[in-house]
Amino acid sequence: MLWEYTATELIGMLHRKECSGKEIINDVSIRANDVQPLYNSYITLRSAADTASDTICKADECMTLSGIPVAVKDNISTKGIRTTCASRMLSDYVPPYDAFAVERLRLAGAYIIGKTNMDEFAMGSASDTGFFGAVRNPLDMDYSAGGSSGGSAAAVAGGAAVLALGTDTGGSVRQPASLCGIAGFCPSYGAVSRYGLISFASSLDRIGFMGRSVSDLKLLYNIINVRDSQDVTNFSKKNSAEENADIKGLRIGIVKEFSAASADSDVTAAVNAGIKLMELSGAVIKSVSVPSVSLAVKAYYIISSAEAASNLARYDGVRYGHRAENFKDLRDMFVRSRSEGFGEEVKRRIMLGTFVLSEGYAESYYKRAMAVRRQLCTEFDEVFRECDIIAAPVYPCAGIRLGEKTSSVKRYAADIFTVPSSMAGLPAVSVPCGKNSKGLPIGLQLIGGRYHDDRLLEAAEIFEILRGDDYGRA
Amino acid sequence: MAELESVIGLEVHAELSTSTKIFCGCRNVFGEAPNTQVCPVCLGLPGTLPRLNRKVCDYAVKIGHALNCHINPVSRMDRKNYFYPDLPKAYQISQSDIPICGKGSIDIISDGKIRTVGITRIHIEEDAGKLLHDDGYDGTLCDYNRCGVPLIEIVTEPDMRSSAEAHAFLELIRSILRYIDISDCKMQEGSIRCDVNVSVHEKGSPYGERCELKNVNSFSAAVRGIEYEIKRQTGIISSGGTVERETRRWDDKKGISTLMRNKENAQDYRFFPEPDLGAVVFDEEHIKRLKEEIPELPDRKMIRYVKDHGMKEAEAFVIADSREKSRLYDECVSTGRCQQKTAANFIVGEITKYMNDTGKSLSETALNAEGLVSLCVAYEKGTVSSSGAKKVLGELIEHGGNVDDIINDLGVAQNSDAAFIDSLAEEVIAANERSVKDYRNGKKNAIGHLVGQAMKLSMGRADPQMLRKALENKLDTEE
Amino acid sequence: MEYSIKKIAELACLDIDPVHYEEFAADFDEIVEMMSELPEYGCNDHIPEPMELRDDAAGNTGCAEELSKNAPEFVNGCFTVPRTVEY
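Residues numbered from 1 in each chain as written. Chains lettered and ligands numbered in written order. Predicted model: local features only at pLDDT ≥ 70, side-chain atom pairs only at ≥ 80, totals over all residues.

In the nomenclature of an unreviewed UniProt entry, chain C is known as Aspartyl/glutamyl-tRNA(Asn/Gln) amidotransferase subunit C of Ruminococcus flavefaciens 007c. Word for word, the UniProt comment on chain C under Subunit (unreviewed entry) is "Heterotrimer of A, B and C subunits." (UniProt positions renumbered as here; feature names shortened; annotations may be inferred.)

As recorded in an unreviewed UniProt entry, chain A goes by Glutamyl-tRNA(Gln) amidotransferase subunit A and comes from Ruminococcus flavefaciens 007c. Comment text from UniProt for chain A, heading Sequence similarities (unreviewed entry), reads "Belongs to the amidase family. GatA subfamily." For chain A, the Subunit (unreviewed entry) comment in UniProt is given as "Heterotrimer of A, B and C subunits."

Structure (structure tokens):
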């Protein structure tokens, strides 16, 4: 079936006229609608019947993504299509403009098949904190698809989309990609415009890409990585020179502090096997130290929550979003609208963020966390002088059982492998590298130097070839 | 008890006259229909991002130069968080730790004394929207047109000691903002507003706890607010009490201040660096270039006019306050052909009156320095009387032209021919026996009547000074 | 811990459901403890990367009608809130 192929394969088939764009869109749409009740990967999904409409006319034009159905995470603004952030707060919100990334997709001829489910405002790691229910892992429906971009990951893994946009603040693209057995890429902070991405933590938020192969990630990245003046934190600085990553002599750093963090044995085994594979092919493995990694999770939750508390303060029920029905006065309207509109996890983060910025506490929480972040960046800079990429696990375990009760602190601590590169703005990719005994996929994380996105993708692609197996199919 | 002294510091907010808002391309205009000058960015729609207007930064550097401030080559934007329906993002993008301008100072003249007022800082920020009330609707309406209008905030040190000094400072700031052309300073449009900090202490002991007055919407309200607050705090101290640190709302209609917030429930704004924006960076060259664009400013001019030209403060301010008037004055004086006082009198008097009456600026009139100097010369020589000069000036303003020609055309030349004056005096003495008698009997005032009669005879062209002298001569000698 | 959850909630404009308050507070305290005791790496002011500034040129102003579509209530061209006293 057409929904089983990668975007790169489909584009080749389109060129050779082995299929038409309409056929692809039709096939994937039917699949998406069929599996929606199972995976719940979409919040808004275009109906299969819709595919006959005139918007599909572009499908057979020869643009890069003509005829390719792309799913977009529901915290990325789409003009005229409701964008909910999986929150009751925005359940009826329809943006009057397109995010820059979406604009680029449309210009490339992509078919936006739907808006994917996620953790509310991207806060979570199992896509189970949203207003629209949890996303199930297509590989084992007792398990979560991961989060917060679980819907995007499940859609790609389950054949309900060919490509997807996700967002990654502390691992939200890499972790669900790892748990769903697909490839996920979080580019350097600043490489992709955030305009239209509904902010969770501005200094950490990034739009990332998900697909069934690394070449699919490159395809998306090249379309969207264009300078956008609307986002002044967007630099699009490319280190284009010498970005080919020959596996022979490629210096791969293994961070001691990551090795010390407790990952499940099946995860460690799969990741180590992947690293060994590269070593056997000529890569040089180096042990490196990034001492502040041990502080990264603390600092991350302080900074991300602080920014979230401020970013989410605008939801007051005045200009858009949920407004409570009964209230005594202005203040009461604000409090009720916000308390009804936000879920438990979002409220927790807003409370944490408000606390770490409040008078008397900002010095010992927020300011110290900012200093830790600067220190972490310096340490990574050092490390990238002696190695080209870093290899690490993505997540300490291969699967998250849906409905499992875990304390917040434990859930947050599990972000240890993804959060450090988030804090330093480094590009990182997750590529499937093995499966555990239950058949749940495990991802290998490769982290590159800031703006060395191209080299990182090259390295990831080499690994994918070395690995050989086809992990991208449900 | 030792003598009490009051200490005043000010925070002045002025809207900048850029063409667009601070973070988006919406027009920076006043008085449009509600919510017509808004876009996704200034409405704070989810996913939108701010982009800082270069002109806002340049304007801040210029006012920094004008107030002799240190300019920070690198500064940072911060978020000030609070919930209010006029603030769409529930935070105001402002500057907290590293503003564009650091310390500076400016000299004011008040009551004949020069006082140096320290500037603590100047930063840029965005304005909030407006809340409206409408009889037909029982809630509050939000108009966001003003959201994102660029503001500068000038914070002073607690260096003023009276409401008069505060007033002089405010007048001077407004004048400077207009000079360097970065703000319209239209009070009625709310484009310049201030918060006032007042404390009272015994002379010789440390400053007292200060109270901040909010909602001060005019300079005269600032004066009234300060005076009220000084009286209130003096009352507390005199009766043995202590003033608490408070934020108070000034009600100008009622002429009282009421408690808004005390120390316990002070606002916690949770400032932190704005992650959606980068650092504001100026290179030294650019900072210098902006400095070169600053003309001599009213504070310097005021001091020059008072100290060097012997003007009174009020006159000096009328001229110094306006860039056009002071330019005209300085040009006239620089010719060296007329006296400073003559030029100053015409500008402070007739010219200012004309500008106020018509609302016109000098550039909208035909008057230039050459014309005014020629008029001053003619007046000083006695070629034209003061009433004649007013007519000539009117003509110069309306149509311009050569002063001598205008004097002739209007027939206002003053006759100072001695023979003519003499004959007039004789004629009047002959025709006014009664006044002559009064004068000679010691009622010296009677001379006024005689001068008046003679002027009438001359159709106003005789030089009244000469006439008076001629009359006195004749009356005193020909007894 | 000396902080007050009630005060934080007030600042954040949120209501903590009284039914689950204990549970929330326990979890919150645990997280705060986790975030505590970061070392001090000097207290330099954070300076972000330099940014490009925008020219003072007019862009698109969205029409009120479109921008108001998401508003819970829109009266006489204005967004609405319960009656406030101007501060």
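*Asks:* Residue-level account of the pairing of strand S6 (residues 113–126) of chain B, with values.
*Replies:* All names here are of chain B. As judged from the seven bridges shared by strand S5 (residues 104–110) and S6, these two strands associate in the antiparallel manner. The partner of Ser110 across the bridge, within S6, is Lys113. Taking the residues between adjacent antiparallel strands as the criterion, S5 and S6 are bridged by two residues, where Asp111 takes a positive phi near 60 degrees. Relative to strand S9 (residues 150–156), S6 runs antiparallel, the two sharing seven bridges. Pairing of Ile122 across the sheet is with Ile154, part of S9. (Pairing = 2+ DSSP bridges. Helix = DSSP H or I, 4+ residues; strand = E, 2+ residues; numbered from the N terminus.)

*Asks:* Run through the UniProt feature "active site" (unreviewed entry) in chain A, naming residues and quoting values.
*Replies:* Residue and element names in this part refer to chain A. Under the local residue numbering, the UniProt record ascribes the feature "active site" (unreviewed entry) to Lys73, Ser148 and Ser172. These residues run over 100 residues, yet every pair of their C-alpha atoms falls within 11.0 Å of each other. Inspection of the secondary structure assignment puts Lys73 in strand S2 (residues 69–73). Judged by C-beta crowding, with 33 C-beta atoms within 10 Å, Lys73 ranks as buried. With respect to the secondary-structure elements, Ser148 resides in the loop between strand S5 (140–144) and helix H4 (150–157). Not counting residues up to four positions away in its chain, the partners in contact with Ser148 are Met118, Asp119, Ala122, Met123, Gly124, Ser125, Ser127 and Ser172. (Buried ≥ 20, exposed ≤ 12 C-beta atoms within 10 Å, placed from the backbone. Contact = placed C-beta atoms within 7 Å.)

*Asks:* I'd love a proper account of the sheet that holds S5(B), names of residues and values included.
*Replies:* Residues and elements named next belong to chain B. A sheet is described by the order of its strands in space; here eight strands give the open sequence S5-S6-S9-S1-S10-S11-S12-S13, paired in mixed fashion. Looking at strand neighbours, the two that pair on one side only are S5 and strand S13 (256–262), the edges of this open sheet. Within the sheet, the average angular offset between the axes of one strand and its neighbour, ignoring direction, is 30 degrees. Where helix H2 (residues 163–179) meets the sheet, it contacts strand S1 (4–15), S5, S6, S9 and strand S10 (192–202), and its direction lies at approximately 120 degrees from that of S5. (Axes fitted to C-alpha atoms, helices over the stretch in contact; angles between N-to-C directions.)

*Asks:* Could you give me a rundown of the interface of chain A and chain B, with the residues and numbers involved?
*Replies:* Counting residues at the interface gives 31 residues for chain A and 23 residues for chain B. Breaking the side of chain A that touches chain B down by element, the ones donating at least two residues are helix H9 (293–311), helix H10 (330–341) and helix H11 (344–357) of chain A. For the side of chain A that touches chain B, the element with the most residues is H9(A), which contributes three residues. For the side of chain A that touches chain B, the class distribution of residues is 15 nonpolar, nine polar and seven charged. (Nonpolar A, V, L, I, M, F, W, Y, C, P; charged D, E, K, R; others polar.)

*Asks:* Residue-level account of helix H3 (residues 100–107) of chain A, with values.
*Replies:* Residue and element names in this part refer to chain A. Of all eight residues in H3, six are buried, a share of seventy percent or more. Within H3, the full set of buried residues consists of Phe100, Ala101, Val102, Glu103, Arg104 and Leu105. Here the buried face of H3 lies against S2, strand S3 (111–116), strand S6 (163–168), strand S8 (206–211) and helix H6 (214–224).

*Asks:* Report on the packing of helix H12 (residues 418–431) of chain B against helix H15 (residues 464–477) of chain B, specifying residues and quantitative values.
*Replies:* Residues and elements named next belong to chain B. As a packed pair, H12 and H15 sit with axes 9 Å apart at the nearest point and diverge in direction by 55 degrees. Between H12 and H15, the interaxial angle falls into the category oblique. Considering only the axes of H12 and H15, their crossing is right-handed. Across the interface between the two elements, Ile421, Asp422, Leu424, Ala425 and Ile429 of H12 pack against Met466, Leu467, Ala470, Leu471 and Lys474 of H15. (Parallel < 35°, antiparallel > 145°, perpendicular 65-115°, else oblique. Left-handed = near helix turned anticlockwise from the far one by under 90°.)

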